[in-house]
Amino acid sequence: MSTTTATETTREPRINETAPDFTAETTEGTIRFHEWIGNGWAILFSHPKDFTPVCTTELGTMARLQPEFAKRNTKIIGLSVDPVNDHVKWAVDIEKAQGCKVNYPMIEDPQLKIAKLYGMLPAEAGETCEGRTANDNATVRTVFVIGPDKKIKLQLSYPMTTGRNFDEILRVIDSLQLTAKHQVSTPANWKPGDDVIIGGSVSNEEAQKKFPGGWKAPTPYMRIVPQPK
């Protein structure tokens, strides 16, 4: 029986809101989510059903990328609406199909409480995963990036037919960590090492102190500088 405890909601938490806390069973034992995150960053990514093909590739990809996330002080945790026993069996398939072992916890959500808590299913979805298909749970395909302050920094939802691009999630984390530290923003298609934009909240006087080398300004509100080290 699941020990998941959560307060039901039907609205997906917005960026800069606190990520809802919960206690749940995982493939690595019972966790309390905020406590599990600790003082670092975290990625919660959800799945509508165990033993689904696209999700199998995603879980395998995240297993391969886990060392890259660890370098960024970022933990990974997956969620699917099925129970832990099914997750354990699915992990065997994932290793067989993807050539790598799932090396992070997978949350069970058989009563759909966490899916509702994070606004991925409506209240009328019922209280059990039994009898529900992946199509019934199609909206349980969101990536949440959560900061050390336990606030949502990014959320992306994908259809079941389109596998997620986790290289993009790595890029976003690089941007989030850089911009939080240096009061800058990253432009479209930015990659680590590219130029960045001085944050709008930084006055020109403050910018001169932080960036004594000056900046390029194609418009008065766009102040471009090399990426801070």
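The following paragraphs examine the structure supplied in this document. (Residues numbered from 1 in each chain as written. Predicted model: local features only at pLDDT ≥ 70, side-chain atom pairs only at ≥ 80, totals over all residues. Heavy atoms only, no water.)

### Concerning the overall build of the protein chain
Put simply, the rule is: Secondary structure elements follow DSSP: runs of H or I no shorter than four residues count as helices, runs of E no shorter than two count as strands, and numbering proceeds from the N terminus. Whether two residues touch is decided by their heavy atoms; if any such pair falls within 4.5 Å, the residues are in contact.
Assigned secondary structure in the protein chain consists of 6 helices and 11 strands. Principal-axis analysis of the C-alpha atoms places the extent of the protein chain at approximately 60 × 35 × 30 Å. Contacts in the protein chain between residues at least 24 apart in sequence constitute 64% of all its contacts with a sequence separation of at least 6.

### Side note on the nonpolar core
Heads up, the condition is: Take the buried residues of types Ala, Val, Leu, Ile, Met, Phe, Trp, Tyr and Cys, join any two whose side-chain atoms come within 4.5 Å, and each joined set is a nonpolar core. Only protein chains enter the accessibility calculation, which uses a 1.4 Å probe; a residue is then buried when its area is under 20% of its type maximum, exposed when over 50%, and partly exposed in between.
Among the nonpolar cores identified, the biggest contains 26 residues, and Phe22, Phe33, Leu44, Ile107 and Tyr118 are the most heavily contacted of them. Breaking this core down by element, the ones donating at least two residues are helix 1 (33–37), strand 3 (41–47), strand 4 (74–80), helix 4 (113–117) and strand 6 (142–146). Excluding residues that lie within four positions of it along the chain, phenylalanine 33 makes contacts with Pro20, Asp21, Phe22, Leu44, Ile77, Tyr118 and Ile146. Of all hydrophobic cores here, the second largest spans 25 residues; its members include Cys55, Ile94, Ile169 and Leu176.

### Considerations on unusual backbone geometry
Residue phenylalanine 51 is not a glycine yet carries a positive backbone phi of 60 degrees. Tracing the backbone through its elements, the reader meets phenylalanine 51 in the loop between strand 3 and helix 2 (53–71). Overall, phenylalanine 51 belongs to the partly exposed group, its relative accessible area being 40%. Positive phi outside glycine occurs at asparagine 189, with the angle close to 60 degrees.

### Examining the pairing of strand 4
The side chains of a regular strand alternate, residue by residue, between the two faces of the sheet. Stated precisely, the cut-off is as follows: When the strands point away from the viewer, a crossover counts as right-handed if the path from the first strand over the helix to the second runs clockwise. Only strands that DSSP links by at least two bridges are regarded as paired with each other.
With 6 of 7 residues buried, strand 4 lies mostly within the body of the structure. The parallel pair strand 3 and strand 4 is bridged by helix 2, and the resulting crossover is right-handed. Examined bridge by bridge, strand 4 and strand 5 (residues 106–108) share 3 bridges and lie parallel to one another. Note on strand 5: the bridge partner recorded for glycine 78 is methionine 106. Taken together, strand 4, helix 3 (residues 84–98) and strand 5 form a β-α-β motif whose crossover is right-handed.

### As for the pattern of salt bridges
Short version of the rule: A side-chain nitrogen of Lys or Arg and a carboxyl oxygen of Asp or Glu constitute a salt bridge if their distance falls within 4 Å.
With the rule as written, the count across this model stands at 13 salt bridges. The partner of glutamate 17 in a salt bridge is arginine 11, with the nearest N and O atoms 3.2 Å apart. Take glutamate 17: its relative accessible area is 26%, and that puts it in the partly exposed class. Arginine 14 is the salt-bridge partner of glutamate 17, the closest N and O atoms lying 3.9 Å from each other. Given a relative accessible area of 47%, arginine 14 falls into the partly exposed group.

### Brief notes about the side chain of arginine 132
Note the threshold: The convention is simple: Lys and Arg are positive, Asp and Glu are negative, and His and the chain ends are not counted. The term polar contact refers here to a pair of N or O atoms within 3.5 Å; inside protein, the definition further demands a hydrogen-donor-capable atom paired with an acceptor-capable atom, and it admits residues adjacent in sequence only when both atoms are side-chain atoms.
Topologically, arginine 132 is positioned in the loop between helix 4 and strand 6. Buried charge without a partner: arginine 132 forms no salt bridge, and the closest opposite charge is aspartate 136, 5.3 Å away. Among the polar contacts listed, one links the side chain of arginine 132 to the side chain of asparagine 137, at a separation of 2.7 Å. Once residues within four sequence positions are removed from consideration, arginine 132 is found in contact with Lys49, Leu112, Leu121, Ala125 and Asn137.

### Describing the packing of aromatic side chains
Just so we agree on the cut-off: Pairing of aromatic rings covers Phe, Tyr and Trp, the last through its six-membered ring, and needs centres within 6.5 Å; plane angles under 30 degrees mean stacked, over 60 mean edge-to-face, and all others mean tilted. Charge-over-ring contacts are defined here by two conditions on Lys NZ or Arg CZ: a distance within 6 Å of the ring centre and an angle within 35 degrees of the ring normal.
Summed over the entire model, instances satisfying the criterion amount to 7 aromatic pairs. Aromatic side chains phenylalanine 22 and tyrosine 118 sit 6.2 Å apart centroid to centroid with 80 degrees between the ring planes, which places their arrangement in the edge-to-face category. Note that phenylalanine 22 is positioned in the segment before strand 1 (23–26) and tyrosine 118 in the loop between helix 4 and strand 6, a separation of 96 residues in sequence. By relative accessible area, phenylalanine 22 is classed as buried at 1%. With 6.2 Å between their ring centres and 10 degrees between their planes, phenylalanine 33 and tryptophan 36 make a pair best called stacked. Of this pair, phenylalanine 33 and tryptophan 36 both sit in helix 1, 3 residues apart, which is roughly one turn of the helix. Neither residue differs from the other here; phenylalanine 33 and tryptophan 36 are each classed as buried. Taken together, the ring pairs in this structure connect Phe22, Phe33, Trp36, Tyr118 and Phe144 into an aromatic cluster. For the cation-ring pair, lysine 75 lies above tryptophan 36, with the distance from its terminal atom to the ring centre recorded as 5.0 Å.

The values reported here are purely geometric and, on their own, carry no functional implication.
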